[in-house]
Amino acid sequence: MTGSPISSQTDKHKNPTGYIILIGALVGVNYASAKLVTQAGVTALSATLAQLLLAGLFLYLLLRLKREQLSFRRDHIKYYILNGFLGITVPTLIAYWVLKYIPAWLLTVLVTLSPLITAGLTSLVERKLIDPQRLLGITIGLAGISLVTFSSVQEGQFDPIWILFGAAMPLSLAIANIYRNKAYPRDTTSVGVASGTMFSQVLLLLPALLLIDDPAAAAGSMTTVWWIVLGIGLLTAGSYALTFFIQNRTDSVGFSQVGYFATISGVLVAALVFAEPISPVIFVAIAVLFVGLALTNGHLQLPSLRSSNSQHNK
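Under an unreviewed UniProt entry, the protein chain has the name DMT family transporter and belongs to Pseudovibrio brasiliensis. Under the heading Sequence similarities (unreviewed entry), UniProt records this for the protein chain: "Belongs to the EamA transporter family."

Given below as structure tokens:
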């Protein structure tokens, strides 16, 4: 944001806000839909591998339709593996695992920790002090997530330890946001990067599936929800194609705003599909969390802290 009142058509085209909203909506629906897969008895490992394989196939088909090639350069393969592991495999495995024990809407709220963690880690990586407004935003955001956690534990019948395990998901997403911003290969196509990333994770998970899971039993469980798994794979392909498409249009903190919209869509889908009880206190907590996010990422400015930031940056 430059603050200039004049913007060209190119600038409008590069504005990532619409894409971020769409990605967030897809991610939220995916997390809520994953609850149906876990309820069918599909293991986290089998569900993750099926999701990534289907997404990779959809993306590769799109790549061929665009007459583009999948790059096998060493630096590209390294990016496929590391970014895929941190930003896709680890969060997806955790999601399928903890969804057996916590409500779907709570998992999508946990995703909203990603922008806060991204902001804090970015400051550490760049060796910069967190400015007062961002620090206030992170504090308010953590207060919001704490209120969500406390309220859900009071009303739900699950061990709060699963919330702690679930928090590993936004931590991994935050690390992936920073790595993606630093290492994204600019000399390739977004669909090619997304496709290569998916296939790299399938190859990574396949030996574990054969060693740990029973492939025949996994396939049997999946037949009852095959259409949901297919839909999740398609939505995953779309969300990650868009993710890499907007990579050069925003930074790690900007992209982490996906958490806002993933939370909103995930809570709505969970309430509608699973009839999960959501108390008014939870909505207040989510509102507090969003205020923290808005402060952290500069969408909401406090005049007293703005002048302090100016002095801090001199």
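*Asks:* Quick question: what am I supposed to make of helix α10 (residues 190–212) here?
*Replies:* For the α-helix, the turn length of 3.6 residues means that residues three or four positions removed from each other point alike. Between its first and last C-alpha atoms α10 spans 33 Å; for 23 residues at 1.5 Å apiece the expected length is 33 Å, and the two agree. Maximum bend of α10: about 30°, positioned at Leu205, with proline Pro207 one to four residues after it.

*Asks:* What am I meant to see in the pattern of salt bridges here?
*Replies:* If the charged atoms of two oppositely charged side chains come close together, the side chains can form a pair. Scanning the entire structure with this criterion turns up three salt bridges. When salt bridges that share partners are traced, they join Arg73, Asp75 and Asp187 into one network.

*Asks:* I'm lost on the environment of Thr189 in this one. Help?
*Replies:* Note on placement: Thr189 falls in the loop between α9 (168–183) and α10. According to the relative accessible area criterion, Thr189 is partly exposed, its value standing at 26%. Residues within four places of Thr189 in sequence aside, it is in contact with Leu63, Glu68 and Tyr184.

*Asks:* Even after reading the chapter, I still don't get the side chain of Ser200, so can you show me in this structure?
*Replies:* Along the chain, Ser200 turns up in helix α10. A polar side-chain atom of Ser200 sits 2.9 Å from a polar atom in the side chain of Gln201. Ignoring sequence-local partners within four residues, the contact set of Ser200 consists of Tyr80 and Ile81.

*Asks:* When you look at the nonpolar core in this model, what are you seeing that I'm missing?
*Replies:* Considering soluble globular proteins, one finds that nonpolar side chains tend to be buried as a cluster. Counting 56 residues, the largest nonpolar core has Tyr31, Val37, Ile102, Trp105, Leu107, Val109 and Met169 as the members making the most contacts within it. The greatest single-element share of this core, amounting to eight residues, is contributed by helix α2 (residues 17–39). Listed in part, the 23 residues of the second largest apolar core include Leu45, Val191, Leu209 and Ala237.

*Asks:* Explain unusual backbone geometry to me, please; I cannot follow it from the model alone.
*Replies:* Most peptide bonds are trans, and most residues other than glycine sit at a negative phi. One non-glycine residue with positive phi stands out, namely Arg67, at about 60°. In this structure Arg67 comes out as exposed when scored by relative accessible area, which is 76%.

*Asks:* Would you mind going over the side chain of Ser172 with me for this structure?
*Replies:* For Ser172, the location among the structural elements is in helix α9. Since its relative accessible area comes to 6%, Ser172 is described here as buried. Residues within four places of Ser172 in sequence aside, it is in contact with Leu86, Val90 and Pro91.

*Asks:* Honestly, a nonpolar patch on the surface in this entry has me stumped. Any pointers?
*Replies:* Residues Trp97, Tyr101, Ile161, Leu164 and Phe165 make up a contiguous nonpolar surface patch of about 460 Å² in total accessible area. Looking at the nonpolar patch element by element, the count peaks at three residues for helix α8 (residues 161–166). Examined against the element boundaries, Trp97 turns out to sit in helix α4 (residues 74–98). Exposure remark for Trp97: the relative accessible area of 35% places this residue in the partly exposed category.

*Asks:* Help me understand the packing of helix α3 (residues 44–65) against helix α12 (residues 226–245) in this model?
*Replies:* What describes two packed helices is the angle between their axes and the distance between those same axes. Relative orientation of the contacting elements α3 and α12 amounts to 60°, with a least axis distance of 8 Å. One element, α3, and the other, α12, form an angle in the oblique class. Judged by the sense of rotation from one axis to the other, the crossing of α3 with α12 is right-handed. Every residue of α12 that contacts α3 at Ala50, Gln51, Leu54, Ala55, Phe58 and Leu59 is listed here: Val229, Leu230, Ile232, Gly233, Leu234, Thr236, Ala237 and Ala241.

*Asks:* Would you explain the packing of aromatic side chains in this entry?
*Replies:* Given two aromatic rings, one states the distance between the centres and the angle between the planes to describe the pair. With the rule as written, the count across this model stands at seven aromatic pairs. With a centroid separation of 5.1 Å and an interplanar angle of 40°, the aromatic rings of Trp97 and Phe165 are classed as tilted. Taken together, the residues Trp97 in helix α4 and Phe165 in helix α8 connect sequence positions 68 residues apart. An aromatic cluster is defined as three or more aromatic residues linked by ring pairs; in this entry it consists of Trp97, Tyr101, Trp162 and Phe165.

*Asks:* How should I be thinking about the confidence of the model for the protein chain in this particular structure?
*Replies:* Any region with low pLDDT has predicted coordinates that should not be read closely. For the protein chain, the average pLDDT comes to 80, and 83% of its residues sit at 70 or higher. Low pLDDT (under 50) marks residues 1–13, which in the prediction has three contacts with non-local residues, meaning those over four places away or in another chain.

*Asks:* Can you walk me through the packing of α4 against α12 in this structure?
*Replies:* Two elements in contact, α4 and α12, have axes separated by 14 Å at closest approach and are oriented at 140°. Considering their axes alone, α4 and α12 lie oblique with respect to each other. Seen from above, α4 lies across α12 with right-handed handedness. Each of Tyr79, Asn83, Gly87, Ile88 and Tyr96 in α4 lies in contact with α12, whose residues at this interface are Ile232, Tyr240 and Phe244.

Conventions used here
Residues numbered from 1 in each chain as written. Predicted model: local features only at pLDDT ≥ 70, side-chain atom pairs only at ≥ 80, totals over all residues. Heavy atoms only, no water. UniProt positions renumbered as here; feature names shortened; annotations may be inferred. Helix = DSSP H or I, 4+ residues; strand = E, 2+ residues; numbered from the N terminus. Expected span 1.5 Å × (residues − 1). Bend = angle between axes of the 7 residues up to and from the residue. Salt bridge = Lys/Arg side-chain N within 4 Å of Asp/Glu carboxyl O. Buried < 20%, exposed > 50% of the residue type's maximum accessible area, 1.4 Å probe, protein only. Contact = heavy atoms within 4.5 Å. Polar contact = N/O pair within 3.5 Å; in protein donor to acceptor, adjacent residues only side chain to side chain. Core = buried A, V, L, I, M, F, W, Y, C linked by side-chain atoms within 4.5 Å. Patch = residues over 30% accessible without salt bridge, like charges linked within 9 Å, V, L, I, M, F, W, Y side chains within 5 Å. Areas by Shrake-Rupley, 256 points an atom, 1.4 Å probe, with all protein chains shown as cover. Axes fitted to C-alpha atoms, helices over the stretch in contact; angles between N-to-C directions. Parallel < 35°, antiparallel > 145°, perpendicular 65-115°, else oblique. Left-handed = near helix turned anticlockwise from the far one by under 90°. Phe/Tyr/Trp six-rings, centres within 6.5 Å; stacked < 30°, edge-to-face > 60°. pLDDT = per-residue confidence, 0-100.

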